[in-house]
Amino acid sequence: LTLFPQFRETMSDQPAFLRDSKFNVDFRSYYRNEAVGGPGGSLKEAWAAGGAVSFETGRLFDILSLGGVLYTSLPVVAPSQFGNTGLLLDNQQGYAALGQLYARARLFETHYVTVGRYYYDTPFIGPHDNRMTPNTFYGYTLTGTFGKPDGDGPSFHYGGGWIGAIKPQDSIDFQGMARAAGANADYGTAVLGGRLTWGKASI
């Protein structure tokens, strides 16, 4: 919006689906060197660079928006014998993964249905974003808020749905939630939660 004011002015007359679209490029770099098991143990080492390219449309008919995020992690320094850092694939190779690809519909006011690959940040279904790329998930969810979170009165934020698969932070593939938890099955998981807030208190 700052670098291309003429483009912004041209887009102001376009439908919201185009006018309110957002495009972002986020760079990330991470170096990790860890000795495991003390003297005589193994060593993990890698320096990776990459990040994310994301795009989200405005809302079509003030209801539906589409989006996607491509995550990348590429080796800068990655000795093949020092793998399993969580920054790259186990063999120290780089990767690119379409971690998010979703459709989001606004039902009314602050209530949304999200379908597809998406980024969720809850106490139990979360991004664990402490390496190069976060966990992302495939599923169907309904989220929303009753009341005004910034007001003096009470507000209630809820979320629920079905999460079928997860793309772990150092993987290019999605796998069933049960398999990611260690079971020999590809089941998903149901999730339901809520937060009641009133002033500075919440439960």
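Anything mentioned here points back to the structure above.
Overview of the structure.

The rules behind these values
- Residues numbered from 1 in each chain as written.
- Predicted model: local features only at pLDDT ≥ 70, side-chain atom pairs only at ≥ 80, totals over all residues.
- Heavy atoms only, no water.
- Helix = DSSP H or I, 4+ residues; strand = E, 2+ residues; numbered from the N terminus.
- Buried < 20%, exposed > 50% of the residue type's maximum accessible area, 1.4 Å probe, protein only.
- Contact = heavy atoms within 4.5 Å.
- Areas by Shrake-Rupley, 256 points an atom, 1.4 Å probe, with all protein chains shown as cover.
- Salt bridge = Lys/Arg side-chain N within 4 Å of Asp/Glu carboxyl O.
- 1 Å grid on protein atoms, 1.4 Å probe; cavity = no way out; pocket = protein on both sides within 12 Å on 5 of 7 lines; lining within 4 Å.
- Points joined across faces, edges and corners; volume = space filled by probe spheres on them.
- Nonpolar A, V, L, I, M, F, W, Y, C, P; charged D, E, K, R; others polar.
- Core = buried A, V, L, I, M, F, W, Y, C linked by side-chain atoms within 4.5 Å.

Let us look at the overall build of the chain. The secondary structure content of the chain amounts to three helices and 10 strands. Written out in order from the N terminus, the α and β elements of the chain read α-α-β-β-β-β-β-β-β-β-α-β-β. Its C-alpha atoms give the chain principal-axis dimensions of about 60 × 45 × 35 Å. For the chain, with 203 residues in total, the buried portion stands at 33%. For the chain, the share of sequence-separated contacts (at least 6 apart) that also reach a separation of at least 24 residues comes to 55%. With an accessible surface of roughly 12700 Å², the chain has 59% of that area assigned to carbon and sulfur atoms.

With phi around 70 degrees, Q92 is a residue other than glycine that occupies positive phi space. For Q92, the position within the fold is in the loop between β3 (64-77) and β4 (95-108). Take Q92: its relative accessible area is 3%, and that puts it in the buried class. A positive phi angle is found at E109, which is not glycine, with a value near 45 degrees. Along the polypeptide, E109 turns up in the loop between β4 and β5 (111-118).

The next thing to look at is the pattern of salt bridges. Evaluated as defined, the whole model comprises seven salt bridges. Two residues, D62 and R59, come together in a salt bridge whose shortest N-O distance is 3.3 Å. When its relative accessible area of 42% is taken as the criterion, D62 is described as partly exposed. The class for R59 is partly exposed, based on a relative accessible area of 28%. Across the pair D62 and R106 runs a salt bridge whose closest N-O atoms are separated by 2.7 Å. Pair noted here: D62 is in the loop between β2 (42-56) and β3 and R106 is in strand β4, with a separation of 44 residues, a long-range link. Bridged by salt links that share partners, the residues R59, D62 and R106 form one connected network.

Here the focus is the layout of surface pockets. Roughly 570 Å³ of volume is contained in the largest pocket. What lines the largest pocket is a set of 25 residues, and nearest its centre among them are D121, T122, T143, H157 and G159. Among the elements of the structure, β5, β6 (136-146), β7 (154-167) and β9 (189-198) are those that each provide at least two residues to the lining of the largest pocket. Per element, the largest residue contribution to the lining of the largest pocket is seven residues, and it comes from β9. For the lining of the largest pocket, the per-class residue count stands at 11 nonpolar, 11 polar and three charged.

Counting eight residues, the largest nonpolar core consists of Y102, Y118, Y120, I125, F137, I163, I166 and M177. Beyond its immediate stretch of four places on either side in the chain, F137 contacts G116, R117, Y118, Y120, I125, G126, I163, A165, I166, F174 and M177. In this structure, L87, L88, Y95 and M132 belong to the second largest nonpolar core, which totals six residues.

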